[in-house]
Amino acid sequence: MSQYEVINRFKEEIHDDHIYEIDDPYPAEGKKLIKARAEFLTKVHEEYGIAFLKVVEEPKKATTKQVPKQPSTDEKSDA
């Protein structure tokens, strides 16, 4: 699922006139994400000439490879 970040300050009518500041996550905690609204806010607004949100890519989970256990070089050999 896409995540959004505020790039220009605005008041969100559908979130009870919540003021979003630059770098805030969208939606604010406890507010519902309406994907169509978020997508609309990522486009340059005709009246204001700016976009209000940008899509933030979710950090990819680090994948760890299972490496076969190598014998320790500290162990004494029987030789």
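Data block above holds the structure.
Residues numbered from 1 in each chain as written. Predicted model: local features only at pLDDT ≥ 70, side-chain atom pairs only at ≥ 80, totals over all residues. Heavy atoms only, no water.

(A) Representation of the pairing of strand β1 (residues 3–6) within the structure. Only one face of β1 is covered, namely the face carrying Tyr4 and Val6; the face carrying Gln3 and Glu5 is uncovered. In terms of strand pairing, β1 meets strand β5 (residues 53–56) through four bridges, oriented antiparallel. Paired with Tyr4 across the strands is Val55, a residue of β5. In the sheet, β1 pairs with strand β4 (residues 25–26) via two bridges, with the strands oriented antiparallel. If you follow Glu5 over to β4, its bridge partner there is Pro25. (Buried < 20%, exposed > 50% of the residue type's maximum accessible area, 1.4 Å probe, protein only. Helix = DSSP H or I, 4+ residues; strand = E, 2+ residues; numbered from the N terminus. Pairing = 2+ DSSP bridges.)

(B) How the structure looks around the sheet that holds β5. The three strands lie next to each other as β4-β1-β5, forming an open sheet whose pairing is antiparallel. Unpaired on one side and paired on the other, β4 and β5 mark the two borders of the sheet. Along the sheet, helix α1 (residues 35–42) contacts β1, β4 and β5; its crossing angle with β5, the most-contacted strand, is approximately 110°. (Contact = heavy atoms within 4.5 Å. Axes fitted to C-alpha atoms, helices over the stretch in contact; angles between N-to-C directions.)

(C) Spotlight on the packing of aromatic side chains. Counting across every chain of the model gives five aromatic pairs. Between Phe10 and Tyr20, the aromatic rings sit 5.2 Å apart at their centres with planes inclined by 15°, giving stacked as the arrangement. Of this pair, Phe10 sits in strand β2 (residues 10–12) while Tyr20 sits in strand β3 (residues 18–20), placing them 10 residues apart in sequence. Their ring planes at 40° and their centres at 6.2 Å tell us that Phe10 and Tyr26 sit as a pair that is tilted. Of this pair, Phe10 sits in strand β2 while Tyr26 is found in strand β4, placing the two residues 16 residues apart along the sequence. Put simply, the rings of Phe10, Tyr20, Tyr26, Tyr48 and Phe52 touch in pairs and so form one group of aromatic residues. (Phe/Tyr/Trp six-rings, centres within 6.5 Å; stacked < 30°, edge-to-face > 60°.)

(D) Quick peek at the pattern of salt bridges. Evaluated as defined, the whole model comprises five salt bridges. Residue Arg9 pairs with Glu21 through a salt bridge whose shortest N-O separation is 2.9 Å. Of the two residues, Arg9 sits in the loop between β1 and β2 while Glu21 sits in the loop between β3 and β4, which places them 12 residues apart along the sequence. Of the residues examined, Arg9 reaches a relative accessible area of 52% and is grouped as exposed. (Salt bridge = Lys/Arg side-chain N within 4 Å of Asp/Glu carboxyl O.)

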